[in-house]
2 protein chains.
Amino acid sequence: MSLHGKNFIGYSLSANGTDETIAVDPTTGQNLETAFIEATSEEINSACNLAAKAFDSFRNTSSKERAAFLRKIAENVVNLGDELIQRAVAETGLPEGRITGERGRTCGQLTMFADLIEEGSWVNARIDTAIPDRQPLPKPDIRYMERAIGPVAVFGASNFPLAFSTAGGDTASAIAAGCPVVLKAHPAHPGTAELVAHAAVSAAKECGMPEGTISMIHGKSHLTGQALVKHPAIKAVGFTGSIPGGRAIFDTAASRPEPIPVYAEMGSSNPVFLLPETIKKNEEALVAGLTGSICLGAGQFCTNPGMLVVQASPEVNSFIQKLAESIKNAPAGTMVHSSIKDGYSKELSAKLAVDGVTLLGKSDATTENDATAAQPAVFSASAETFLNNDELNKEVFGPCTFIVICNNKEQILEVVEHLEGHLTSSIHGEDEELIQFADVISAVEKKVGRLIINQYPTGVEVCSSMLHGGPYPASTDSRTTSVGTAAINRYARPVSYQNFPQALLPDEIKDGNPLEIWRLMNGKMGQE
Amino acid sequence: MSLHGKNFIGYSLSANGTDETIAVDPTTGQNLETAFIEATSEEINSACNLAAKAFDSFRNTSSKERAAFLRKIAENVVNLGDELIQRAVAETGLPEGRITGERGRTCGQLTMFADLIEEGSWVNARIDTAIPDRQPLPKPDIRYMERAIGPVAVFGASNFPLAFSTAGGDTASAIAAGCPVVLKAHPAHPGTAELVAHAAVSAAKECGMPEGTISMIHGKSHLTGQALVKHPAIKAVGFTGSIPGGRAIFDTAASRPEPIPVYAEMGSSNPVFLLPETIKKNEEALVAGLTGSICLGAGQFCTNPGMLVVQASPEVNSFIQKLAESIKNAPAGTMVHSSIKDGYSKELSAKLAVDGVTLLGKSDATTENDATAAQPAVFSASAETFLNNDELNKEVFGPCTFIVICNNKEQILEVVEHLEGHLTSSIHGEDEELIQFADVISAVEKKVGRLIINQYPTGVEVCSSMLHGGPYPASTDSRTTSVGTAAINRYARPVSYQNFPQALLPDEIKDGNPLEIWRLMNGKMGQE
C-alpha cells in the first residue's frame with residue numbers, strides 16, 4: 001500500500017491545503033517518502049460537522065456493535081503487517097521489538113474496551129423505583145447511566161506512535177463510550193498515522209458505522225490543533241505531550257463559549273524515594289534497575305524516573321557514585337525527533353546552570369545521527385538547592401535523573417510538599433523502614449496518580465486498576481486515567497431518566513436487567 | 001444565641017475587616033440585626049492554610065469517623081431549633097413550611113452521605129493481583145480507589161439558604177469524601193449561614209476533627225470569592241448561582257498556575273415539550289401543573305420550567321389562552337433579594353423587547369414589598385423568532401415561562417438542536433405519541449442532565465440515581481451531579497497503589513475485604 005498523504009474527512013480523502021509535513025528517519029536524519037498535506041480550516045470544519053452528525057446514530061449503537069467495530073480495528077491494524085512496523089520504526093527510531101510490542105498493546109487495548117462494553121457494567125447504572133404513596137410527596141422512578149459525551153478530538157503522541165496515537169487508548173475509550181473521534185496525527189509519524197487511520201476508517205465502513213465516526217487530519221502548526229479544539233461540535237479532548245502544548249489546548253478549551261473537558265497527560269519526573277536500609281542492602285540491583293528505567297526508550301516514557309530523593313549517608317555516597325558510573329557507561333538513545341533531542345539538551349543545560357547543581361556523570365556514547373542522539377546523564381543537588389530553585393521542579397524529557405540529597409526525614413517531607421503533581425512516585429525500602437516512612441508515603445500520595453513500592457515506574461500495566469494521570473501538571477484532570485478500563489469514563493456523562501416508559505429506556509436500565517449488568521437497584525448492588 | 005457577625009477561621013472567630021454586610025428582610029425591606037464583617041485577605045489565607053493542614057489528617061480519618069461527624073452536624077442543625085427557621089425566613093422571604101422542609105432535606109443529605117461512606121463502596125475499589133510468572137513480563141499487584149481531592153471552596157446559593165449553602169449538598173459530599181471545606185456565605189442570608197456554621201464547626205470540635213476542617217467567610221465583593229478560588233491550597237470549587245458568577249469562578253480556576261475543577265450549577269430554562277394529543281386530553285391538569293411549577297418559590301428553583309415547546313393547532317391555542325389566564329391570576333412571589341427581583345424585571349423586559357415576542361399574560365398581584373415582588377408572566381414567539389434571536393435562548397430567573405410555537409416536528413427538532421445545555425427537560429405526551437416523538441426525546445437527551453416524562457421538573461429527588469447538572473451552561477462540568485449520592489465523586493480522584501504491603505494499604509483495598517465493600521477483583525465484581 002503506498003501512502004497518499006491525505007486527510008481522512010469522514011469516508012473521503014481530502015488534500016485541499018498547500019502546507020505539508022515530511023517525516024524524517026531520526027536514526028539517519030533522512031527524509032522519508034510521501035508529503036502529508038496539512039488540513040485546511042474547511043477540512044477541519046467538515047470533519048467536526050461529520051462527527052456531530054455521526055454522533056446522533058453512533059451514540060445509540062449497541063455495545064455489541066461498537067465492540068465488533070473495536071475488534072475490527074484491531075484486526076485491520078494487525079493486517080497492516082510488516083509495512084506498519086517498518087514505517088513506525090523508520091519514523092520514530094524505536095526498535096522493531098518495541099514497535100511490535102506496542103502494536104500488541106494497542107490491539108490489546110482495543111479488545112479490552114470491546115470486552116468492557118460487552119460486559120456492560122461500566123455505565124454505572126442506578127435505579128430508584130417509584131413510591132407513589134410516599135408522604136408528603138410521591139417518589140418518582142429515576143434511572144441513571146453514563147452516556148457518550150459527544151465528538152472527541154484526540155491528539156497523537158510523539159512517544160507512542162501506536163498505543164497513544166491514531167487507534168490508541170483515547171480513541172479506543174472514546175469509541176467504546178459511543179463518541180466519534182477526530183484525530184490529529186502527530187507530525188513526527190504521519191505515515192504510521194495514515195496506515196492506522198486507514199485500518200480504523202475501513203473498520204468503520206465494514207461495520208456499517210456512520211460517516212464521521214472517525215476522521216484524521218494532519219497539521220504541524222498549533223493552529224490546526226486550536227481550530228479543532230475550538231470547534232463547537234467537539235465536546236472533549238484527549239492529549240499526550242508536553243506541558244506547554246497541553247496547557248495551550250486546556251486554555252483554548254476553557255475559554256470557549258462552552259468550555260469542554262481536556263484530558264492532557266503532560267510532564268512528570270516520577271520521583272523515586274530510596275530509603276537508607278534498602279540502599280545498603282540492594283545497591284547493585286538498584287543501580288542496574290534505575291539505569292534501565294532511566295534509559296528505557298531514550299528516556300521518552302512519561303513514567304521515566306527523572307528524580308531520585310535520598311537521605312545523606314556514606315552508603316548513599318557509594319550508591320550515587322556507582323549510579324553515576326553506570327549512567328556514564330550507558331549507550332546513547334535515538335529520540336523520536338531532532339526537536340525532542342533539542343528540548344532534552346536545553347532542559348538539561350538549564351538544570352546544570354543552577355547554582356549548587358553538580359553533573360555527576362554523562363554518557364559520551366554516540367549514535368549514527370547526532371541530531372537525535374540523547375546521552376544519559378545524572379546530576380544532583382542538596383534539598384536546599386532544590387527547594388530554592390523552581391527550575392529544578394521542572395521535568396527534563398529524556399534519559400537523565402536528578403538526585404536530591406536530604407539531610408533527614410524532615411527535609412524529605414519538605415521536598416515532598418514542594419513537589420508539583422506527578423504521574424507516579426516509587427518508594428524503595430525494606431519492610432520496616434517503609435513503616436517508619438509511612439508519613440512520607442502518605443504525603444507523596446497527595447502529589448501523584450500512582451504510588452509504587454519497590455518497583456520501577458516504567459511499564460504501565462493496562463488493567464482496570466490503573467490510574468495513569470495525576471495532579472497538575474502530570475495531567476489537566478486528576479480525576480481520570482488515560483490507561484486502563486476506567487479511561488472510558490472520560491468520554492461519558494451521566495443522564496437521569498425520570499418516569500420513563502420501558503420502551504424508551506436504554507437496555508442498561510430497563511426492568512428485568514436484559515443485559516445482566518451490575519446495577520445499584522434501590523441502593524443495593526446486584527445483577528437483578 | 002445572639003449573632004456575632006464574625007468569620008469562622010478554623011476554630012477562631014475573626015473580624016479584622018471593616019467592610020460589612022447587613023441582611024434585609026425581603027418581605028418588608030427592613031434591615032435585620034447584626035452587621036457581618038467581610039473577611040480580609042489575611043483571613044481568607046488563614047482559612048485556606050488551615051484547611052490544607054487539616055487535610056493531612058482529615059483525609060485519613062475512617063469513614064465511620066466522618067459519618068459520625070456528618071450526623072453530628074445534622075443533629076446540631078436541628079438543635080438550632082426555631083431560631084434558625086425564623087432567621088432563614090426573615091432573610092429569604094421563603095415561607096416557614098418551605099424552610100422547615102429544606103432543613104429536613106439538608107439533614108437528610110448529611111445523613112445520606114454518612115450512610116453512603118459507612119457502606120463504603122463509593123470508592124470504586126479495583127484490585128488486580130500479581131502474576132509473577134507472566135510472560136514476557138511479570139504482572140504487578142495494583143489496587144485503585146477514590147481518595148479525597150483536597151480542600152474545597154463552597155459558595156452558598158441565594159435560593160437555597162440551607163440545602164445548597166453552609167451545610168448543604170456540596171459541603172456534605174466534600175466532607176464525606178474527606179475534604180476540608182472553606183465556605184463563602186451568601187450575602188443575602190449571612191445570619192442563617194452563621195447559625196449553620198456554628199453548628200458545623202461545633203460538630204467538628206465535638207468529633208475531634210482537625211482545626212480547619214470547616215471555615216466560613218463573609219464577603220459580598222466578588223474579590224472575596226476570587227481570592228478563595230485562587231488560593232493554592234484549594235483543589236476544587238462548588239457553586240450554585242448565576243451564569244456570570246459561575247463563569248467568573250470557572251475562568252479564575254482555569255487560569256490558575258494549577259487549574260482546578262469547578263462545579264458550578266448555573267442557569268437553566270428546563271424546556272418542557274407538550275405533545276399534541278396530551279394537550280387535547282389533559283389541558284386542565286397541564287395548566288394547573290405548569291402554573292404551580294412555574295410559580296413555585298417565586299420561580300427561584302433552578303428547575304423552574306422557563307420554556308414550553310408546542311406544535312401549533314387549535315387545541316394548543318386554547319391551552320395557551322388558559323395558561324395565560326391562570327398565570328394572570330397567580331399571586332406574586334417574594335424573591336430572596338431586591339437585586340434578584342431587579343434581575344427578573346430586566347431579563348423579562350429584554351425578552352419582551354425582541355421583535356416577534358408577545359406577552360400573553362402577567363399577574364398584577366402585589367406583595368407587601370414592591371422591591372422584591374415578582375409577578376408571574378407568560379410570553380410566546382414562533383420557532384423562527386426563537387431560532388433567530390440568541391437573546392431568547394437565555395434563562396429568565398423568576399416565575400415566568402416562554403412558549404415556543406413550532407409548525408411541525410421538523411421545527412421542533414430544529415429548536416432542540418438550537419438549545420444550550422439545561423438541567424432538565426420534560427416531555428408530556430400520551431403513550432403512543434411518545435414513541436412517535438422518540439427522535440425528539442433522543443435529540444433532547446444531548447442537551448440535558450435529566451429527562452422527565454409526564455412529570456414537572458421542580459422537585460429534585462435526593463437519591464443515588466439523580467443527575468442534577470447537565471451540559472454548559474446548566475453546569476460547568478456535565479460529568480457530575482450536585483444532588484444525590486454520586487455528588488461525592490466530585491471531591492475525589494482515584495489513586496493506584498502498586499506492589500504495596502498490606503499494612504500500608506487503605507482498608508478499602510486490603511486483602512480479605514475487611515470493610516465488606518463491593519470491589520472489582522481481577523475484573524469480577526463482588527464482596528470477596
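Our structure is the block above this text.
These numbers were taken from a predicted model, which means no experiment stands behind them.

What counts, and where the lines are drawn
- Residues numbered from 1 in each chain as written.
- Chains lettered and ligands numbered in written order.
- Predicted model: local features only at pLDDT ≥ 70, side-chain atom pairs only at ≥ 80, totals over all residues.
- Helix = DSSP H or I, 4+ residues; strand = E, 2+ residues; numbered from the N terminus.
- Buried ≥ 20, exposed ≤ 12 C-beta atoms within 10 Å, placed from the backbone.
- Contact = placed C-beta atoms within 7 Å.
- Least-squares fit on C-alpha atoms with pLDDT ≥ 70 in both.
- Axes fitted to C-alpha atoms, helices over the stretch in contact; angles between N-to-C directions.
- Left-handed = near helix turned anticlockwise from the far one by under 90°.
- Nonpolar A, V, L, I, M, F, W, Y, C, P; charged D, E, K, R; others polar.
- Expected span 1.5 Å × (residues − 1).
- Pairing = 2+ DSSP bridges.
- Parallel < 35°, antiparallel > 145°, perpendicular 65-115°, else oblique.

Glancing now at the overall build of chain A. The helix and strand tally for chain A stands at 15 helices and 23 strands. Projecting the C-alpha coordinates of chain A onto the three principal axes gives extents of approximately 75 × 65 × 40 Å. Within chain A, the proportion of its 528 residues that are buried is 60%. Contacts in chain A between residues at least 24 apart in sequence constitute 76% of all its contacts with a sequence separation of at least 6.

This part is about the relation of the copies chain A and chain B. By a simple turn and slide, chain A fits onto chain B: the slide is 0.0 Å along the axis, the RMSD is 0.0 Å, and the turn is 180°. This pairing of chains is accounted for by a two-fold axis. Rotation axis and chain A: the residue whose C-alpha lies nearest the axis is Ala-254 of chain A, separated from it by 3.3 Å. Interface overlap between copies is the fraction of interface residues in one copy that are interface residues in the other; for chain A against chain B it reaches 100%, indicating a shared surface.

A few words on the packing of helix α7 (residues 222–230) of chain A against helix α8 (residues 243–254) of chain A. All names here are of chain A. Between α7 and α8, whose axes approach to 9 Å, the crossing angle comes to 35°. Seen from above, α7 lies across α8 with right-handed handedness. Facing α7, whose interface residues are His-222, Gly-225, Gln-226, Val-229 and Lys-230, α8 presents Ala-248, Ile-249, Thr-252 and Ala-253. Counted by class, the contact of α7 with α8 contains 4 nonpolar, 4 polar and 1 charged residues.

Next up on the list: helix α3 (residues 81–92) of chain A. Residue and element names in this part refer to chain A. For α3, built from 12 residues, the straight-helix expectation of 16 Å at 1.5 Å per residue is met to within 8% by its first-to-last C-alpha distance of 17 Å. Among all positions in α3, only Leu-84, Arg-87, Ala-88, Val-89, Ala-90, Glu-91 and Thr-92 are buried. Buried residues belonging to α3 abut β3 (20–24), β4 (31–37), α4 (96–119) and α6 (190–206). Within two residues after α3, Gly-93 carries a phi angle of roughly 75°, on the positive side.

Our focus in this paragraph is the interface of chain A and chain B. Contacts between the two partners involve 57 residues from chain A, matched on the other side by 57 residues from chain B. Going through the elements one at a time, β5 (126–128), β6 (142–148), α8, α14 (431–436), α15 (438–445), β20 (448–453) and β21 (492–498) of chain A are the ones with two or more residues in the side of chain A that touches chain B. Top element by residues in the side of chain A that touches chain B is β21 of chain A. It accounts for 6 residues. Bridge count for β21 of chain A against strand β20 (residues 448–453) of chain B is 3 bridges, and the pairing is parallel. Looking across to β20 of chain B, one finds that Gln-498 of chain A is bridged to Ile-452 of chain B.

What follows deals with the packing of helix α13 (residues 409–418) of chain A against α15 of chain A. Residue and element names in this part refer to chain A. Interaxial distance between α13 and α15 falls to 9 Å at its minimum, and their mutual angle equals 5°. Relative to α15, the element α13 is oriented roughly parallel. Facing Lys-409, Ile-412, Leu-413, Val-416 and Glu-417 of α13, the residues of α15 in contact are Val-440, Ala-443 and Val-444. For the contact of α13 with α15, a count of residues per class yields 6 nonpolar, no polar and 2 charged.

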